[in-house]
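Examining the three-dimensional arrangement
These are the residues of each chain, in order.
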Amino acid sequence: HPIVLPKQIARREVLREILQRLDTDFLLLITHGSENFIEDGQGDVISDREIATWNLHSSPIVFNNSCSSWTTTGRAFLSSGARAHIGTLWPVTNDLAAKIAIKIGQRLHAQEEDDLAALLMDAIGEVTAEYPNGKATAAAYIYVGLPGVQLLSRPAINTLETVALLTETYQTLYHILERIALEGR
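Residues numbered from 1 in each chain as written. Predicted model: local features only at pLDDT ≥ 70, side-chain atom pairs only at ≥ 80, totals over all residues. Heavy atoms only, no water.

**Overview of the layout of surface pockets**
Applied cut-off: Using protein atoms alone on a 1 Å grid, points that fit a 1.4 Å probe yet trap it form a cavity, whereas open point sets bounded by protein on both sides within 12 Å along at least five of seven lines form a pocket; residues with an atom within 4 Å of a point count as lining. Grid points are joined across faces, edges and corners, and a volume is the space filled by probe spheres set on the points. Each residue gets one label: Ala, Val, Leu, Ile, Met, Phe, Trp, Tyr, Cys and Pro are nonpolar, Asp, Glu, Lys and Arg are charged, and the others, such as Gly, are polar.
Considered as a void within the structure, the second largest pocket measures approximately 150 Å³ in volume. Lining the second largest pocket, in full, are Ile30, Thr31, His32, Asn65, Ser66, Cys67, Val92, Asn94, Ala97 and Ala98. Residue composition of the lining of the second largest pocket, by class: 5 nonpolar, 5 polar and no charged.

**Observations regarding empty space enclosed by the protein**
As a reminder of what qualifies: Each helix corresponds to a stretch of at least 4 residues labelled H or I by DSSP, and each strand to a stretch of at least 2 residues labelled E; elements are numbered beginning at the N terminus.
Throughout the structure, instances matching the rule amount to 1 cavity of 30 Å³ or more. What the largest cavity holds in volume is close to 50 Å³. At the level of elements, helix 1 (12-21) and helix 7 (159-182) are the ones that each hand at least two residues to the lining of the largest cavity. Residues that form the lining of the largest cavity fall into these classes: 3 nonpolar, 2 polar and 3 charged.

**Some thoughts on the sheet that holds strand 6 (residues 84-88)**
Spelled out, the test is: By the convention used here, strands pair only if DSSP detects at least 2 bridges between them. Note on method: axes are straight lines fitted to C-alpha atoms, helices fitted across the in-contact stretch only, with angles between N-to-C directions ranging 0 to 180 degrees. Any pair of residues with heavy atoms lying within 4.5 Å of one another is described as a contacting pair.
The sheet built from 4 strands is open, its strands ordered 1-5-6-7 with mixed pairing. The two strands at the open ends of the sheet, each matched to only one other strand, are strand 1 (26-29) and strand 7 (141-145). Adjacent strand axes in the sheet meet at a mean angle of 10 degrees, parallel and antiparallel pairs treated alike. Pairing geometry for strand 6 and strand 7, over 5 bridges, is antiparallel. By the bridge assignment, Thr88 is partnered in strand 7 with Tyr141. Each of strand 1, strand 5 (61-64), strand 6 and strand 7 touches helix 3 (residues 69-79); the most contacted strand, strand 6, lies at about 170 degrees to it.

**Observations concerning the packing of helix 4 (residues 94-110) against helix 5 (residues 116-130)**
Put simply, the test is: Angles are sorted into four bins: roughly parallel if under 35 degrees, roughly antiparallel if over 145, roughly perpendicular if 65 to 115, and oblique for all others. Take the far helix as the reference: if the near one is turned anticlockwise from it by less than a right angle, the crossing is left-handed, and if turned clockwise, right-handed.
Orientation of helix 4 relative to helix 5, taken along the N-to-C sense of each, is 130 degrees, at an axis distance of 9 Å. Classified by the interaxial angle, the pair formed by helix 4 and helix 5 is oblique. Helix-helix and strand crossings are classified by hand; for helix 4 and helix 5 the assignment is right-handed. Contact with helix 4, carried on its side by Leu96, Lys99, Ile100, Lys103, Ile104, Arg107 and Leu108, involves Leu116, Leu119, Leu120, Asp122, Ala123, Ile124, Glu126, Val127 and Glu130 of helix 5 and no other residues of that element. For the contact of helix 4 with helix 5, a count of residues per class yields 10 nonpolar, no polar and 6 charged.

**Points about the pattern of salt bridges**
Threshold: Salt bridge, as used here, is a side-chain nitrogen of Lys or Arg placed within 4 Å of a carboxyl oxygen of Asp or Glu. Between buried and exposed lies partly exposed: a residue is buried under 20% and exposed over 50% of the maximum accessible area for its type, with that area taken using a 1.4 Å probe on protein chains only.
Applying the stated criterion across every chain yields a total of 11 salt bridges. Among the ionic pairs, Asp25 bridges to Arg83, the shortest N-O distance being 2.6 Å. Of the two residues, Asp25 sits in the loop between helix 1 and strand 1 while Arg83 sits in the loop between helix 3 and strand 6, which places them 58 residues apart along the sequence. According to the relative accessible area criterion, Arg83 is partly exposed, its value standing at 22%. Between Lys103 and Glu130 there is a salt bridge, with the nearest N and O atoms lying 2.9 Å from each other. Placement of Lys103 in helix 4 and of Glu130 in helix 5 is noted, with a sequence separation of 27 residues between them. According to the relative accessible area criterion, Glu130 is partly exposed, its value standing at 43%. Residues joined in a network through salt bridges with shared partners are Lys103, Arg107, Asp122, Glu126 and Glu130.

**Digging into unusual backbone geometry**
At Glu35, a position not held by glycine, the phi torsion is positive, near 50 degrees. On the secondary structure map, Glu35 appears in the loop between strand 2 (33-34) and strand 3 (37-39). With a phi close to 50 degrees, Ser59 is a non-glycine residue in the positive phi region. Under the relative-accessibility criterion, Ser59 is labelled partly exposed at 30%.

**Brief notes about the nonpolar core**
Just so we agree on the cut-off: Think of a nonpolar core as a cluster: buried Ala, Val, Leu, Ile, Met, Phe, Trp, Tyr and Cys residues, connected wherever their side-chain atoms sit within 4.5 Å.
Counting residues in each nonpolar core, the largest one holds 22 residues, and the members touching the most others are Ile100, Ile104 and Tyr141. Of all the elements in the fold, those that place two or more residues in this core are strand 5, strand 6, helix 4, helix 5 and strand 7. Look past the residues within four positions of Tyr141 in its chain and what remains in contact with it is Phe63, Asn65, Ile86, Gly87, Thr88, Val92, Ala97, Ile100, Leu120 and Ile124. Judged by nonpolar contacts, the second largest core, of 13 residues, contains Leu29, Ile38, Ile46 and Ala76.

This is how it looks when you write it as structure tokens:
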């Protein structure tokens, strides 16, 4: 099930805890990236050095849809355990970045393509056919990972497992948010 972190709680601490504790198969980051960092929902910097120290629990596929995401934090996500990374080599425009993400999301949801690299190429092809002026943005996208990487299907969890997982997750998130509130942020 998707976990959406709206801007006000999309904090580095929350993201790190989720990725280190929960089975996460796919991570989509829609944020600002520059130099050697991405920003969390509060505008705080999450550096590539910090990301490289994370231990990604279930080796997710990371789609970092920010400017220059491969050159800023891509290697750090792979070092921390991501099994593949979709990113960009240079700054991208917001509108085309959103269109690429939508096409990839639609294809993943419809399970039209198993191979992630092929799925990215198909999405880029569709977007550039619809928006010929967006070829420079579309050309920025890169897939880094082994051939044939795909989303993993996990059997549905039972009620007790769901309750235990949600209880642990909510407690962790509560403690993180409590700490943030105490810090006066």
